[in-house]
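Topology and contacts: notes
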Amino acid sequence: MKKIVALTSIIILSLGAYSQGRYFTKSGKIAFFSKTSMENIDATNKSTACILDSKTGDVQFAVLMKSFSFKRALMQEHFNKDFIESDKFPKGEFKGQITNNSEIKYTVDGTYPAKVKGKLTIHGVTKDMETTGTITVKSGKISVSSSFNVLLPDYNIKVPAVQRSQISDTIKITVDCSLEPVK
Amino acid sequence: MSKKRLIWTSILVVAALVALYLYKEYNRTNTDLTNLKADIEISAGDLIKEFEADDSAANKKYLDKIIELTGNVKNLEKDDAGDYTIVIGDTLSMSSVRCLSDTNHRSDAAIIKENSTITLRGVCTGFKKNELLGENLGSDVELTRCVVIKK
């Protein structure tokens, strides 16, 4: 009996060890912002999935394009139908790595600058991307944030001439995710 | 003279109506789902099952449709903007239906109790199979503009 208990605990412990060091969320936030002299447009997605492997520094994010909420319905319709074509390209994704991962102490409270390198996929186009962000460790909780710009032409997103004055070619994207350990 | 005046008046009226229409259309917000009829009524468990079995068929059936969803509240999440996401599904499963509450109905969302059965109406925005870095985090169907239905 003792043997069985011991064996079971070893199996359970080793199963736990398998995902140890991985953190995730499914309620992360990604927002984007377009600013022109005519108007500002912003939209937020509150169901961003994110995983971070603290051992390897691997990170991955995934969002559904249709889950971005806008203040004005018309903009949301244009975004999904004309620009992002979310019926054809329903997802956005980033897969990459924290290149200075050894400098981040995931068990010590603090705010760490992170360098990230990877591939961003929007509108069916995948591009190499490099940016910086922040990893905050606070009493066992880990949050990641970043802000960077993307250029619409890079992702083959065309803005019709009539809307040029309202939509910027440079879109600012902000990422904000609070992660919990993968069990 | 009076004929000319009539023409000018009509032009002005038409121009004003067009301007009003454009203004309204530009500022239009999403329609409140409280008084709209649902396209489909389904339980959270069945909806997740259908998407997991064949997501392209399920997308054709549910995407952009008004869904009246019934299920168990696993979790009620509030973010720093004050918006609520109601996570519905089986507590033992990693998969859920994530329902973002309509911002005009925050007070209804705020009083939702975890581990209670709820019915709400929302628009389906898709399905995400969350297999990130090879880790299975469970899959999620997502609804937006959700309003609680009192039965």
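Now for a description of the structure that goes with this document. As a convention, each chain's residues are numbered from 1 in the sequence order in which they are written. A letter from A marks each chain and a number from 1 marks each ligand, given out in the order of writing. Restriction of local features to residues with pLDDT of at least 70 applies here, the model being predicted, together with a cutoff of 80 or more for giving and counting side-chain atom pairs; totals for whole chains, interfaces and linings are based on all residues.

**Some thoughts on the pairing of strand 6 (residues 135-148) of chain B**
All names here are of chain B. Condition: To sort residues by exposure, count the other C-beta atoms lying within 10 Å of each residue's C-beta; 20 or more gives buried, 12 or fewer gives exposed, and values between give partly exposed, all with C-beta atoms placed from the backbone. Helix numbers and strand numbers start at the N terminus; a helix is a DSSP run of H or I with at least 4 residues, a strand a run of E with at least 2. Any two strands between which DSSP finds at least two bridges are classified as paired.
With 10 of 14 residues buried, strand 6 is to be regarded as a mostly interior element. Here strand 4 (residues 96-101) pairs with strand 6 via five bridges, running parallel. Each residue of the ladder has a partner; that of Arg-98, found in strand 6, is Glu-142. Inspection of the sheet shows strand 5 (residues 117-132) paired to strand 6 by 10 bridges, in the antiparallel sense. Note on strand 6: the bridge partner recorded for Lys-128 is Asp-140. The antiparallel hairpin formed by strand 5 and strand 6 contains two residues in its connecting segment, where Leu-133 sits at a positive phi of about 50 degrees.

**So, the nonpolar core**
The line we're drawing: Among buried residues, those of type Ala, Val, Leu, Ile, Met, Phe, Trp, Tyr and Cys that are joined through C-beta atoms within 7 Å form a set called a nonpolar core. Whether two residues are in contact is decided by their C-beta atoms, placed from the backbone, lying within 7 Å.
Ranked by size, the top nonpolar core spans 35 residues in total, and within it Phe-24, Ala-49, Cys-50, Ile-51, Leu-52, Phe-61 and Val-63 of chain A carry the most contacts. Elements supplying a minimum of two residues to this core: strand 1 (22-35), strand 2 (40-53), strand 3 (58-64), helix 2 (73-83), strand 5 (91-98), strand 6 (110-122), strand 8 (141-151) and strand 9 (170-181) of chain A. Apart from residues no more than four positions distant in its own chain, Cys-50 of chain A is found in contact with Phe-24, Thr-25, Gly-28, Phe-61, Cys-177 and Leu-179 of chain A. Counting residues in hydrophobic clusters, the runner-up holds 27 residues, among them Leu-47, Tyr-84, Ala-109 and Cys-146 of chain B.

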